[in-house]
Amino acid sequence: MSRSPVFLARASYRQRRLRDAIRALPVLGGVLCLIPLLWPHAGAEAQRTSSAIIYLFVVWTLLIVLAAVLSRLVRPDPAPDATEDA
Amino acid sequence: MLTFNLLVVISLAYVAFLFTIAFAAERRAARGQDAWLRSPLIYTLSLSIYCTAWTFYGAVGYAARSGLEYLTIYLGPTIVVIGWWWVVRKLVRIGRAQRITSVADLISSRFGKSTALGVLVTLIAVVAATPYIALQLQSVTLSFAVFADGTGTSWGEGELNAAALAVAAGLVLFTILFGTRNLDANERHHGVVMAIAAEAVIKLCALVTVGIFVVWGIAGGPAQTLALIDASPISAWTQSGSRWVGLTFVSGAAFLCLPRMFQVLVVENSDERHLATASWAFPLYLMVMSLFVVPIAVVGLNLMPAGSNPDLFVLTVPLSQGHEGLAVFSFLGGFSSATSMVIVATIALSTMVSNHIVVPLWLSSQRQGAMMSGDVRAVVLLSRRLSIAGVLGLGYVYYRLSGGGTALAAIGLISFTGAVQILPAMLGGLFWRGATRWGAAAGLTLGFAVWAWSLFLPSFGAGAVIPADVLAHGPWGIGWLRPQAMFGIVGMDPVVHAVFWSMLVNAGAFFVGSVLTFPTPMERLQGAQFVNVFEHSTGTRAWAQSAAEAEDLLIMSQRILGPSEAQAIFQREAARQGKVGYLPDVTPGFVDLLERELAGSVGAATAHAMIGQLIEGASVSVEDLIRVADEAAQILEYSNRLEAKSAEQDRTARALRDANEKLTALSIQKDAFLSQISHELRTPMTSIRSFSEILRDGGMEAVDQEKYAGIIHAEALRLTRLLDDLLDLSVLENGQVTLNVETGSLRDLIDRAVSAAGLRADGIRIARRKSDEAVPLTTDLDRLTQVFINLIANAQKYCTAAQPELRIVVQRSAGGTTVDFIDNGAGIEARSQQVIFEKFSRLADHGKAGGAGLGLAICREIMARLGGTIAYLPGQGGAAFRVTLPKAEALAAE
Amino acid sequence: MGKRVLLIEDEPNIIEAISFILSRDGWTVHTHANGETANDRVRATPPDVVILDVMLPGKSGFDILRDLRADAATVQLPVLMLTARGQTRDRDEAMRLGANRFMTKPFSNAEVLEAVRALARPMTET
């Protein structure tokens, strides 16, 4: 028995999970962006605007980095040329 | 202080710079050097038209008024783009597979190529874009006014309006010049995209430069800036949760639905893989754009006198510090933001207006078979140009009506909420096979109505469109219809209120309407194609057997796609079927392909209607629908493989059948060959023998004697010519000919052929464009001239028009140089086109022509020896021959 | 004699030659060059003899002959067929359709004259 099918299956399995990760990314982003809403608005523990700015831009950067890494790893499925497929 | 006139000069110089960039890009693309024009970087930069003047000026104003809320406008698209695998990827794939031209085309195409839905979406898009375009005009006008103020001349309303009008007119001109050069919306607008990419860089640099100046130049560093922020009026984080969520949703949805975003995201996309890069690079761009917004707002609030417009801080802060250069740079950034948005938005909207409203109206106003006679291209281009002017005109009117004093962000949100009404139909169409056109129409109409009632009409101000009384108490006192408190929910933020109700009503009506109605076969086909776009790589056929003639289809396609493109498509298909020439068999697959190509120019609904007029009653049948069923997916996979094989067999069979037909025709001809030769030889000999006997008998007048001797002479020459031709042909056919290769110009060659063809003064008129003929050639010039003489002489002999005309058209393309000889006579019927290049295949009417029917056979042999081709070009109105010059020789001489 | 010959032929020089030969012999020669309208022409002004070429524009000489023989008025009309193709198949076809004489181009003038004279004499052998 050749071992290559096992190897291929593993690779395509990786690809599928990568796609799942890309699909999950916007959900993560959405949740992270909503978190500041849960912060206390008034009183002694009220967060300052500068903390909110720093938090949001850090989240933003994190999302960009994750998207960059994932988009490099994932293999887009081959696009058929629209004019040739009939 | 910088004079105002200098600023105008700088703006004009900037526009000239953009022209240069756009022009250079088009030139490069035309020469095929467009690899870097199709890079992911350019794609990402073109997406940045999301950041308009609203971002450049408005975001700072927004932050000064409402703190961090401005971020929602950029977080929404960020989430959509990093989630590209969900929606954007599918949109782009469908856009390419179906040759989608606009968001209206997408909806129309998905729901059975419905013309009505196309109109509806177009109307919504135009109305929703109007405030947005007004916003851009307002911001550019205000920024001019800032500089005018600086020079001491405070602008009144008159000057502002005049400036807005001038800006609108300038944008109309630029957009028409670069946006309506190509007809096919799927053919990308390289010039425009390049100019927009340049503007994207400039606006980013300008905003970042101002930001750096503010943080390090004024505030004294990041730490001090953060301290300033906390000390400022916007320090308390008191964000309304509903606005935060609502606006993030609206901006994310608008990113997909706005016609201009759809244009750059889907229509101008040249490669799906660019999405992977854009998925992180575009959010990065948005983040950098947003980074310095709060610092600028805070510093502006500190520095500027109370009551100054925070929308203009990006300009006024540097000006107040005496940094005029920076202010001008910033002005150019804002100018870029506004112009790039307006240009792309008007291109997208004008495509929609012309494809979904003007062209269908024009077609229905023409009688049956209109597409065979009128010039569709001219109509489409004209309607696009008028629409561009119309859309900008509407923007200007809105600017005047709304008074030009509203905060930029508020205007932008009105527009976003309107555009987002397309979302349910779009997403439903993309992911739900059960969505129907009635559902889509109901959702779009009701959602649009709620938006107009609760947000758009009130935006003109209380009492302007909706009377103040109605605003406060509802129409006819019906409280639950109050525009800003529908269904009795009082106290909601107006924008969130409008988003909430319009989306709820829209999506609800869409769902209920879809569930209650039944889709047409075409809708089900398109639904399956859209929802399963990644599985169905081979299209399901929308056309069954067709009765259309290939030549009719070609004539129609030429009118829409232009002759060279249409001919290329037909030639490619014919070659794929294993046939020679320009007329493939009209298979359902070919009709589908053709329809998609046409859809790229005039939209799916119109293309479908036009093809439908030629192919009578051959649309989808129930049997075709069986293939749509889900279960068929696996069978499809299997049958695809079979199809590949049988396609090969088809091709062979077709080639064999053609060869057989040709052989049969040939053998009949071969049989006829001897009797033809006999006829051609004996006819002149008859005259010669007869008249020589008459002369021998004698006893006639000298005049007659001379005349009859002349006849004998002429007939002897005719015999000689015939023998020469036969000999020539046999030499050419046996390949014994030696070529005498020389260098010369095509123009001289055609000149020579025209004068040698012996045209009578009252005969055929020759129409040429000598400027096109400056093509150097290295080939056997005499032989090539012989071919041209033959074609010109043929046109002279056979063209039956009352005022015969022969057009000689020279075209140069990557594939080589072609010379077309097109007359305005009756042309040659399709069944004869196959045989005209055969020996003695003179068609009917022999005596008149005086030739033996060897001319075209000789031409074909000569072209084959020279390494070029000659072919009959159907669908040109008259008889038309295309000579393709030997490529290698033409290139070598360049 | 003043008898009338209708020459249905499309080569101008051959028309000229035959017209000359026959006119010299006293015939009135009418000519017609179009195959399509040839039958109408015969019916309109019936000649004494028809000289019919095979290869004509619009309608072949064989077809014209077939129609002439199908029409009671012209079923007896003497027809001399000319052809430049010179194949026996053409001769057989012409005879089968009811041509009175068949000649191959190039012909001698005397031959044509003799044939026309013979055809114009009633009740002679065909």
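Values in this document were obtained by computation on a predicted structure and should not be read as measured data.

A. Broad picture of the overall build of chain C. Tallying secondary structure elements over chain C gives 5 helices and 5 strands in all. Computed over C-alpha atoms, the radius of gyration of chain C comes to 13 Å, within 12% of the 14 Å expected from 2.2 N^0.38 for 126 residues, which places it in the range of a compact globule. Within chain C, the proportion of its 126 residues that are buried is 44%. Nonlocal contacts in chain C, meaning residues at least 24 apart in sequence, comprise 58% of its contacts between residues at least 6 apart.

B. Main features of the overall build of chain A. The number of helices and strands found in chain A is 2 helices and 0 strands. For chain A, with 86 residues in total, the buried portion stands at 19%.

C. Local environment of the interface of chain C and chain B. The interface of chain C with chain B comprises 18 residues on the first partner and 19 residues on the second. With 5 residues, helix 1 (residues 12–24) of chain C is the single largest residue contributor to the side of chain C that touches chain B. Considered class by class, the residues forming the side of chain C that touches chain B number 8 nonpolar, 5 polar and 5 charged.

D. Inspection of unusual backbone geometry at higher detail. Looking along the chain, the bond that leaves Lys 105 of chain C and enters Pro 106 of chain C is cis, with omega of -5 degrees. With respect to the element layout, Pro 106 of chain C can be found in the loop between strand 5 (101–104) and helix 5 (109–120). Positive phi is not limited to glycine here, since Arg 99 of chain B has a value of about 55 degrees. Tracing the chain through its elements places Arg 99 of chain B in the loop between helix 5 (88–97) and helix 6 (103–110). Exposure remark for Arg 99 of chain B: the 25 C-beta atoms within 10 Å place this residue in the buried category.

E. The arrangement of the nonpolar core in detail. Residue and element names in this part refer to chain B. Core analysis: the biggest nonpolar cluster contains 206 residues, and Ile 107, Ala 125, Cys 257, Ile 296, Val 314 and Ile 422 have the highest contact counts within it. Once residues within four sequence positions are removed from consideration, Ile 107 is found in contact with Leu 117, Val 121, Ile 422, Ala 425, Met 426, Gly 429 and Ala 440. Among the nonpolar cores identified, the runner-up in size contains 65 residues, and Phe 788, Ala 795, Phe 821 and Cys 859 belong to it.

F. Representation of helix 23 (residues 521–531) of chain B within the structure. Here helix 23 of chain B lies mainly inside the structure; 8 of its 11 residues are buried. Along helix 23 of chain B, the residues that are buried comprise Glu 523, Arg 524, Leu 525, Gln 526, Gly 527, Ala 528, Phe 530 and Val 531 of chain B.

G. Local environment of the environment of Val 391 of chain B. All names here are of chain B. Residue position: Val 391 is located in helix 17 (residues 376–402). By the C-beta count within 10 Å, which is 28 here, Val 391 ends up buried. The spatial distance from the C-alpha of Val 391 to the C-alpha of Leu 349 is 7.5 Å, given a sequence separation of 42 residues. In this structure, Val 391 is in contact with Val 126, Ala 129, Ile 133, Thr 346, Leu 349 and Ser 350, ignoring residues within four places of it in sequence.

H. Layout of the interface of chain A and chain B. The interface is formed by 33 residues belonging to chain A together with 43 residues belonging to chain B. Of all elements in the fold, only helix 1 (4–34) and helix 2 (49–73) of chain A reach the threshold of two or more residues within the side of chain A that touches chain B. Counting residues per element, the side of chain A that touches chain B draws most heavily on helix 2 of chain A, at 12 residues. Considering only residue class, the side of chain A that touches chain B consists of 21 nonpolar, 7 polar and 5 charged.

I. Local environment of the sheet that holds strand 5 (residues 816–823) of chain B. Residue and element names in this part refer to chain B. Taken together, the 5 strands give an open sheet; going across it, the order is 2-4-5-7-6, and neighbouring strands pair in mixed fashion. Two strands lie at the open edges of the sheet, namely strand 2 (765–768) and strand 6 (869–872), each paired on one side alone. Across the sheet, the axes of successive neighbouring strands diverge by a mean angle of 20 degrees, strand direction being ignored. Pairing of strand 2 with strand 4 (residues 805–813), which is carried by 4 bridges, proceeds in the parallel orientation. The residue bridging Ile 766 from the neighbouring strand is Leu 806, located in strand 4.

J. Representation of the packing of helix 4 (residues 72–82) of chain B against helix 11 (residues 241–257) of chain B within the structure. All names here are of chain B. The contact between helix 4 and helix 11 brings their axes to 7 Å, and the two run at 55 degrees. One finds that helix 4 runs oblique with respect to helix 11. Here helix 4 and helix 11 pass one another in a crossing that is right-handed. Two secondary-structure elements touch here, helix 4 through Thr 72, Ile 73, Leu 75, Gly 76, Pro 77, Ile 79 and Val 80 and helix 11 through Trp 244, Leu 247, Thr 248, Phe 249, Val 250, Ser 251, Gly 252, Phe 255 and Leu 256.

K. Spotlight on the pairing of strand 1 (residues 4–8) of chain C. Residues and elements named next belong to chain C. Counting buried positions along strand 1 yields 4 of 5 residues, so the element is predominantly enclosed. Both strand 1 and strand 2 (residues 28–32) contribute to a ladder of 5 bridges, which runs parallel. The partner of Leu 7 across the bridge, within strand 2, is Thr 31. Taking the sense of rotation as the criterion, the β-α-β connection linking strand 1, helix 1 and strand 2 turns out right-handed. Note that strand 1 and strand 3 (residues 49–53) share 4 bridges and pair parallel. Residue pairing in the sheet places Leu 6 in a bridge with Val 50 of strand 3.

L. Representation of the confidence of the model for chain C. Summarising the model, chain C shows a mean pLDDT of 86, and 94% of its residues fall at 70 or more. Here the complex is predicted with pTM 0.70, and the ipTM for its interfaces comes to 0.90.

M. Fine view of the sheet that holds strand 5 of chain C. All names here are of chain C. Across the sheet, 5 strands lie side by side as 2-1-3-4-5; this open sheet has parallel pairing. In this open sheet, the two strands that pair with only one neighbour each are strand 2 and strand 5. Each strand axis lies, on average, 20 degrees off the axis of its neighbour in the sheet, ignoring direction. Across 4 bridges, strand 3 lies against strand 4 (residues 79–83) in parallel orientation. When the bridges of strand 4 are listed, Val 50 appears paired with Val 79. Of the strands in this sheet, strand 1, strand 3 and strand 4 are in contact with helix 3 (residues 61–70), which crosses strand 3 at around 150 degrees.

N. Representation of helix 11 of chain B. The end-to-end C-alpha distance of helix 11 of chain B is 24 Å, a good match for the 24 Å that 17 residues give at a rise of 1.5 Å each. Most of helix 11 of chain B sits out of view: 13 of its 17 residues are buried.

O. Inspection of the environment of Phe 23 of chain B at higher detail. Residue and element names in this part refer to chain B. Within the secondary structure, Phe 23 sits in helix 1 (residues 4–30). Overall, the presence of 15 C-beta atoms within 10 Å leaves Phe 23 in the partly exposed class. Here the alpha-carbon distance between Phe 23 and Ala 568, two residues 545 residues apart in the chain, equals 26 Å.

P. View of the packing of helix 9 (residues 190–219) of chain B against helix 15 (residues 313–320) of chain B. Residue and element names in this part refer to chain B. Where helix 9 contacts helix 15, the axes come no closer than 11 Å and their chain directions differ by 45 degrees. As the angle between them shows, helix 9 and helix 15 are arranged oblique. In this structure, helix 9 meets helix 15 at a crossing whose hand is left-handed. Of the residues in helix 15, those in contact with Leu 207, Val 210, Phe 213 and Val 214 of helix 9 are Val 314, Val 317 and Pro 318. Grouping the constituent residues of the contact of helix 9 with helix 15 by class yields 7 nonpolar, no polar and no charged.

Q. Just the confidence of the model for chain A, in detail. Looking at chain A as a whole, the pLDDT averages 76, with 69% of positions reaching at least 70. Residue range residues 79–86 of chain A is modelled with pLDDT below 50. Its contacts to residues more than four positions away, or to other chains, number 14 contacts.

Conventions adopted
Residues numbered from 1 in each chain as written. Chains lettered and ligands numbered in written order. Predicted model: local features only at pLDDT ≥ 70, side-chain atom pairs only at ≥ 80, totals over all residues. Helix = DSSP H or I, 4+ residues; strand = E, 2+ residues; numbered from the N terminus. Rg over C-alpha atoms; globule rule 2.2 N^0.38 Å. Buried ≥ 20, exposed ≤ 12 C-beta atoms within 10 Å, placed from the backbone. Contact = placed C-beta atoms within 7 Å. Nonpolar A, V, L, I, M, F, W, Y, C, P; charged D, E, K, R; others polar. Core = buried A, V, L, I, M, F, W, Y, C linked by C-beta atoms within 7 Å. Pairing = 2+ DSSP bridges. Axes fitted to C-alpha atoms, helices over the stretch in contact; angles between N-to-C directions. Parallel < 35°, antiparallel > 145°, perpendicular 65-115°, else oblique. Left-handed = near helix turned anticlockwise from the far one by under 90°. Right-handed = clockwise from strand over helix to strand, strands pointing away. pLDDT = per-residue confidence, 0-100. Expected span 1.5 Å × (residues − 1).

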